[in-house]
Amino acid sequence: MYATRVSLSSKLPITKQVSAQLSRVAAAHYAFPTCTASALQHASVTTPSPRREFSSTSRASLREFFPEPEHNHAIRRTDTAWPHPEFSAEDMQKKIFFAHRDPKDLSDRFALFMVRFLRWGTDLATGYKHNVESPKTVSDSNAVAGTKAYGMSESKWLVRFIFLESVAGVPGMVAGMLRHLHSLRRMKRDNGWIETLLEEAYNERMHLLTFLKMAEPGWFMRFMILGAQGVFFNGMFLSYLVSPRTCHRFVGYLEEEAVLTYTLAIQDVESGKLPKWSDPNFRVPDLAVKYWNMPEGSRTMRDLLLYIRADEAKHREVNHTLGNLDQKVDPNPFVSSYKDETKPHPSKGIEHTKPTGWEREDVI
Ligand SMILES: [Fe+2]
Ligand SMILES: [Fe+2]
């Protein structure tokens, strides 16, 4: 078994090699705080490196994923330009749940078919098996059909999350980019859609970065992600040129699946099926604490999954709503202010959510 030896009793100045070893120990501490804290009490210790959740990369090349850059210049910190809206714990538990929008026309049915087809492929690729019991009452039967024997673990969930999030960040960027270019070349207003779409892509990337802090993909997974992005980006690009409305519906259905996935993962954590994640010593990445502004005492894996699920529910609502609008002339209802502000209307938060999207006549 690969082990890192660190001699803290050495009087030698810290060389690059030693500092690299120390950072590896720090990385181990990050994943297994109790393990390394006790180990570091000894002058000469042998610390097991953290077992990565899934990877085909050799252990010797384990490193901290995107460590914070060391700034030797005037910058103290680089904050996000898109701060995450505050989600209350109560809202995330009460107002976020799996829901399905019934397809209303051929375009909707095509979008749903594509999502189900992709889901089948992803389930196959990520070895997803689950005993889906509780969402049955609120979902359509297809989304939870095929109840299987329980087969998920922390590592399998991470494979699924990383694969899904690497794909989920694509549509918002493609749609935002195409609307941006359309506005430039046709010299027309965009009516506020671009920012929401780009922000969605940014939010999905934050999901991905958070999970990457917990597991480093090996070459096989990287290859799968590369292939998926190559196909999905181009597919999305061409499809959005042909029918943006169908694409937003497609993303709406995709996000329904994301809400379902995270609902099931949360249930697994709550029912104690994922002991590593319900371990009181488990720490969610600092990056996540900062991005979601997670309050002290609410920084467990379950809390993190609640935030991410709420984000997915928001994407579901946004895209189903955009799919209901006139793509050319309607303003983005999620950044608009309303004549009657007392009436519930679309917003960035989750106070008033419509899981299956706002109908056009309700918001325009
Ligand atoms: Fe996501
Ligand atoms: Fe999403």
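Residues numbered from 1 in each chain as written. Chains lettered and ligands numbered in written order. Predicted model: local features only at pLDDT ≥ 70, side-chain atom pairs only at ≥ 80, totals over all residues.

Looking at an unreviewed UniProt entry, one finds the chain named Alternative oxidase, with Coleophoma cylindrospora as its source organism. Under the UniProt heading Sequence similarities (unreviewed entry), the entry covering the chain gives this text: "Belongs to the alternative oxidase family." Its UniProt record gives the chain a comment under Subcellular location (unreviewed entry), which states: "Mitochondrion inner membrane". (UniProt positions renumbered as here; feature names shortened; annotations may be inferred.)

Our focus in this paragraph is the overall build of the chain. For the chain, the count of helices and strands is 12 helices and 2 strands. Helices and strands appear in the chain in the N-to-C order β-α-α-β-α-α-α-α-α-α-α-α-α-α. Taken over 364 residues, the chain has a buried fraction of 34%. Taking the contacts inside the chain whose residues are at least 6 apart along the sequence as the reference set, 77% of them involve residues at least 24 apart. (Helix = DSSP H or I, 4+ residues; strand = E, 2+ residues; numbered from the N terminus. Buried ≥ 20, exposed ≤ 12 C-beta atoms within 10 Å, placed from the backbone. Contact = placed C-beta atoms within 7 Å.)

Over its 27 residues, helix α8 (residues 244-270) runs 39 Å from end to end, which matches the ideal 39 Å to within 8%, given 1.5 Å per residue. Burial within α8 is extensive, with 24 of its 27 residues counted as buried. A positive phi of about 75° marks G272, the residue just after α8. (Expected span 1.5 Å × (residues − 1).)

Attention now goes to the UniProt feature "binding site: Fe cation 1" (unreviewed entry) in the chain. Look at the UniProt record and you will see "binding site: Fe cation 1" (unreviewed entry) annotated at E165, E204, H207 and E312. Despite a sequence span of 148 residues, these residues sit close together in the fold, their greatest C-alpha distance being 10.4 Å. Counting through the fold element by element, E204 comes out in helix α6 (residues 193-212). Not counting the four nearest positions on each side in its chain, E204 is found in contact with E165, A168, G169 and G172. Within the fold, H207 resides in helix α6.

Moving on: the UniProt feature "binding site: Fe cation 2" (unreviewed entry) in the chain. Here the UniProt-annotated "binding site: Fe cation 2" (unreviewed entry) positions come out as E204, E255, E312 and H315. Spanning 112 residues, the named residues form one tight spatial group whose C-alpha atoms are at most 11.1 Å apart. Here E204 falls in the buried class, since 25 other C-beta atoms lie within 10 Å of it. Mapped onto the secondary structure, E312 falls in helix α11 (residues 301-324). In this structure E312 touches E255, A258, V259 and Y262, once residues within four positions along its chain are discounted.

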